[in-house]
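Architecture at a glance
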Amino acid sequence: MLEALVSENEPPDQLPNRVGLYNVVWAGTAAVGYAAGGCMFERLGRDSLYWLPLAIHSGQFLSTWFLERRHRRSIGTTRSAARTEPPVAHERRDSHFQRLAWLANPFNYMAINTVAAMAPGLASRMGLGLAEAGVVFSVWFHVRALAFLKLWLWPGWHYRFSWYIGAFGLLLTSFVVLVMARQLPMVLAAQVGLGWASALLYYSSLYYAMDGSSAPSEHGGIHEALIGVGICGGPALCALAQSVTGSALAPAWVITGALACGMGGAVHIHRSGRRSR
């Protein structure tokens, strides 16, 4: 719903700005929250796990309710009239890149949620405490937020398959390096790649879903549903692989295989889209 409120009735020339700002805000606060979470848990006590999120979300609910009412009052007919139907060629291009972006999003979240699930083990391997682990494993969150800022200000990546498939490949490589790393510098370097790749793939999915769309709520819902597939599917595949093989490395390899299959599917969709033009 928040994505729809950000996007609906926006003229095409303003939509990239609104989507970009939306991404920078949520990614920036996610980075701060993850980095400070371990420290707050240690300083504020176990009960803060419940009362602090409750306070934050109560404040967000009230502000969202107020802004939504204000938004409804400000909607005029001029914006709706200003929106024009995109040409047929643009619709075909949108559809092609929508399929690509929606394919990448669940694989993107498979990777990053598997990293989140394995982070305590990786932190223990390197002898990191709770607060230290929060700081170290928040690096990719900060990189993602900065990447969103870059992608917001620079539209040159729009509808360019080379940027998309490059991010997919970087996601795969960074994931493998991160979950196999035994030294802190490798962990940090891999998170830089993970943050950039995750940002571009997420941004692609949301932007291509909303660009030229007359149904932002529906497309935003598909975008979020596919995120849910990845959030559930990554850890589920890891648990299944480990239970079947008994190997501690099974989760890393099963997600790597899934990402490789996703890249193959993306290449197939791109080639099919080019042939249908």
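Just so you know, these numbers come straight off a predicted model, no measurement behind them. (Residues numbered from 1 in each chain as written. Predicted model: local features only at pLDDT ≥ 70, side-chain atom pairs only at ≥ 80, totals over all residues. Heavy atoms only, no water.)

1. Details of the nonpolar core
One broad rule of soluble globular proteins: the nonpolar side chains tend to lie buried together. We count it as follows: Here, the term nonpolar core denotes a set of buried Ala, Val, Leu, Ile, Met, Phe, Trp, Tyr and Cys residues that are joined through side-chain atoms within 4.5 Å. The cut-offs for exposure are 20% and 50% of the maximum accessible area for each residue type, with area from a 1.4 Å probe on protein chains only; residues under the lower value are buried, those over the upper are exposed, and the others partly exposed. By the criteria applied, helices consist of DSSP H or I runs no shorter than four residues and strands consist of E runs no shorter than two, each listed in order from the N terminus. Two residues qualify as a contact provided that any one of their heavy atoms is within 4.5 Å of a heavy atom in the partner residue.
If you look at the biggest cluster of nonpolar residues, it comprises 64 residues, and the most contacted ones within it are Phe 137, Tyr 164, Phe 168 and Leu 259. For this core, the secondary structure elements donating two or more residues are α2 (15-44), α5 (88-125), α6 (130-136), α7 (139-153), α8 (161-180), α9 (184-210), α10 (216-245) and α11 (250-275). Element by element, the count of residues in this core is highest for α5, at 14 residues. The residues touching Tyr 164, leaving out its near neighbours within four places in the chain, are Leu 100, Ala 101, Leu 103, Ala 104, Leu 200, Leu 201 and Ala 266.

2. What to know about the environment of Leu 103
With respect to the element layout, Leu 103 can be found in helix α5. A C-alpha to C-alpha distance of 8.2 Å links Leu 103 and Leu 226, two positions 123 residues apart in sequence. When sequence neighbours within four positions are dropped, the list of residues in contact with Leu 103 reads Tyr 164, Gly 262, Gly 265, Ala 266 and Ile 269.

3. Some points on the confidence of the model for the protein chain
Formally: Every residue gets a pLDDT, meaning the predictor's confidence in that residue, from 0 to 100.
Counting all residues, the mean pLDDT for the protein chain is 82, and 88% of those residues have values of 70 or more. The lowest-confidence element of the protein chain is helix α4 (residues 77-82), averaging 46 in pLDDT; the highest-confidence one is α8, averaging 93. Predicted confidence is poor over residues 77-91, with pLDDT under 50, and the contacts of this stretch with residues over four places away or in other chains come to 13 contacts.

4. Observations concerning the packing of α2 against α9
The test is simple: Each axis is a line fitted through C-alpha atoms, and for a helix only the stretch in contact is used; angles between axes span 0 to 180 degrees, taken between their N-to-C directions. Left-handed describes a crossing in which the near helix is turned anticlockwise from the far one by less than a right angle; the clockwise case is right-handed. Under the scheme applied here, ten amino acids are nonpolar (Ala, Val, Leu, Ile, Met, Phe, Trp, Tyr, Cys and Pro), four are charged (Asp, Glu, Lys and Arg), and all others, including Gly, are polar.
Two elements in contact, α2 and α9, have axes whose closest approach is 10 Å; the angle formed by their N-to-C orientations is 145°. α2 and α9 meet at a crossing whose hand is right-handed. Within the contact between the two elements, α2 uses Leu 15, Pro 16, Val 19, Gly 20, Tyr 22, Asn 23 and Trp 26 and α9 uses Tyr 202, Tyr 203, Leu 206, Tyr 207 and Met 210. When its residues are assigned to classes, the contact of α2 with α9 shows ten nonpolar, two polar and no charged.

5. Some details on the environment of Leu 188
Tracing the backbone through its elements, the reader meets Leu 188 in helix α9. Assessed through its relative accessible area of 31%, Leu 188 is described here as partly exposed. Sequence-distant contacts of Leu 188, that is, excluding residues within four places in its chain, are made with Val 136 and Val 139.

6. Side note on the side chain of Ser 174
Put simply, the rule is: As used in this structure description, the phrase polar contact means that two N or O atoms lie within 3.5 Å; if the pair is within protein, one of them must be able to donate a hydrogen and the other to accept it, and residues adjacent in sequence are counted only when both atoms belong to side chains.
With respect to the helices and strands, the residue Ser 174 is situated in helix α8. For Ser 174, a relative accessible area of 5% gives the class buried. Of the polar contacts made by the side chain of Ser 174, one reaches the backbone oxygen of Leu 170; its length is 2.8 Å. Residues within four places of Ser 174 in sequence aside, it is in contact with Ala 190, Gly 193 and Leu 194.

7. Overview of the environment of Leu 178
By the element assignment, Leu 178 lies in helix α8. For the pair Leu 178 and Leu 122, spaced 56 residues apart in the sequence, the C-alpha separation amounts to 8.9 Å.

8. Re unusual backbone geometry
The phi torsion at Tyr 159 lies on the positive side, around 55°, for a residue other than glycine. Looking at Tyr 159, the relative accessible area reads 13%, which means it is buried.

9. Observations regarding the packing of aromatic side chains
Worth spelling out the cut-off: To pair, rings of Phe, Tyr and Trp, with the six-membered ring standing in for Trp, must have centres within 6.5 Å; the planes then decide the type, stacked if under 30 degrees apart, edge-to-face if over 60, and tilted in the middle.
Counting across every chain of the model gives 15 aromatic pairs. Ring plane angle 65° and centroid distance 6.0 Å describe the contact between Trp 157 and Tyr 207, whose orientation is recorded as edge-to-face. Placement of Trp 157 in the loop between α7 and α8 and of Tyr 207 in helix α9 is noted, with a sequence separation of 50 residues between them. In this structure Trp 157 comes out as buried when scored by relative accessible area, which is 1%. Given a relative accessible area of 5%, Tyr 207 falls into the buried group. Every member of this aromatic cluster is reached through a ring pair, and the members are Trp 26, Phe 97, Tyr 109, Phe 148, Trp 157, Tyr 159, Tyr 202, Tyr 203 and Tyr 207.

10. Structural notes on α2
The line we're drawing: One fewer than the residue count of a helix, multiplied by 1.5 Å, yields its expected span. The angle separating two fitted axes, one through the seven residues that finish at a residue and one through the seven that start at it, defines the bend at that residue.
Compared with the 44 Å implied by 1.5 Å per residue over 30 residues, the 40 Å span of α2 between its first and last C-alpha is a close match. Gly 37 marks where α2 bends most, by close to 45°. Within α2 the residues assigned to the buried category are Leu 15, Val 19, Gly 20, Tyr 22, Asn 23, Ala 27, Ala 31, Ala 35 and Gly 38. For α2, the secondary structure elements touched by its buried residues are α1 (2-7), α6, α7 and α9.

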